[in-house]
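# A look at the structure
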Amino acid sequence: MKPKIICHIMSSVDGRLLNERWTEPYDGTPASALLQVYASIGRELGTDAWMFGKNTLRAIFPYKWSIDGHTVPSDYPAVFIGERHSERIFIVADPEADIYFTSSVLRGDNILVIVGRNATEEYLTHLREKRISYLIVNDATDLREGLEAVGREFGIRSVSVQGGGILNGALLADGLIDELSLVVYPGIDGLSGIPSIFEYMGGATEYPAQGQRLQLLSASQREYGVMWMRYEFHKD
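Just so it is clear, the model here is predicted, and its values are computed rather than measured.

Criteria and cut-off values
- Residues numbered from 1 in each chain as written.
- Predicted model: local features only at pLDDT ≥ 70, side-chain atom pairs only at ≥ 80, totals over all residues.
- Heavy atoms only, no water.
- 1 Å grid on protein atoms, 1.4 Å probe; cavity = no way out; pocket = protein on both sides within 12 Å on 5 of 7 lines; lining within 4 Å.
- Points joined across faces, edges and corners; volume = space filled by probe spheres on them.
- Helix = DSSP H or I, 4+ residues; strand = E, 2+ residues; numbered from the N terminus.
- Nonpolar A, V, L, I, M, F, W, Y, C, P; charged D, E, K, R; others polar.
- Phe/Tyr/Trp six-rings, centres within 6.5 Å; stacked < 30°, edge-to-face > 60°.
- Buried < 20%, exposed > 50% of the residue type's maximum accessible area, 1.4 Å probe, protein only.
- Contact = heavy atoms within 4.5 Å.

### Let's talk about the layout of surface pockets
Approximately 1300 Å³ is the volume found for the largest pocket. As for the largest pocket, its lining consists of 44 residues, and the residues nearest its centre are F52, T56, Q162, G163 and G164. Within the residue set of the lining of the largest pocket, elements represented by two or more residues are strand 1 (4-11), helix 1 (31-44), strand 2 (49-51), helix 2 (54-57) and helix 5 (165-173). Considering each element in turn, the lining of the largest pocket owes the most residues, 7 residues, to helix 1. Of the residues in the lining of the largest pocket, the class split is 22 nonpolar, 13 polar and 9 charged.

### Notes on the packing of aromatic side chains
With the rule as written, the count across this model stands at 8 aromatic pairs. Ring centres of W65 and Y100 lie 6.1 Å apart, and the angle between their planes is 20°; on these two criteria the pair is classed as stacked. Of this pair, W65 sits in the loop between helix 2 and strand 3 (79-80) while Y100 is found in the loop between strand 4 (89-93) and strand 5 (105-106), placing the two residues 35 residues apart along the sequence. Given a relative accessible area of 16%, W65 falls into the buried group.

### As for the environment of I81
Inspection of the secondary structure assignment puts I81 in the loop between strand 3 and strand 4. The partly exposed category is assigned to I81, whose relative accessible area is 49%. Distance from I81 to R128, taken between C-alpha atoms, is 8.6 Å for residues 47 residues apart in sequence. Look past the residues within four positions of I81 in its chain and what remains in contact with it is R131, S133 and F154.

Scope: geometric values only; no functional claims are made or implied.
See below:
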């Protein structure tokens, strides 16, 4: 069964995601204090796991695995359970199987990597040596397959997806989002073409949100003028 997917995102009032471009708070409060409000709200969601897109994760683990190797055979064990000492687990889908991890944790949480059958034995050995859990699926670009496997094999029932816009757009188009947790920073970007909350990589004739309607569940003002809104997705 697919875990509940909560898209938890912070944007400027014009829906842009690059926080280094946002205008400063009016009263001199450091912008970092407002970003901490977003982080604390994420913990309030109480999910079993959280997730970044691979592009976002590259800022933390920038190096690529560049060792050639042997593709795993069809009977290769699909699940490896590494270190599991954190309350939550961090999930990333890595279709290329090339993130070079230098740690088994991200922000104190253990890591779970979803890879496809294109992963090499040598890369999976790297993950095991780092005590990083992994899950092999047929195609790691198939988010539904990966998330259903995460729920089935690791018992994860809820995931907060915390960036970025491309991952949000892919989940939207696949109809996988159950709830939107939108945190609005009281500032503006203003430039056309800057990444926004949902960035589906498709053509102008596609409508990735079609058949999906939003119901406002709650709206509240938090510290420093930050607004938090929760929406439930209803699907035709």
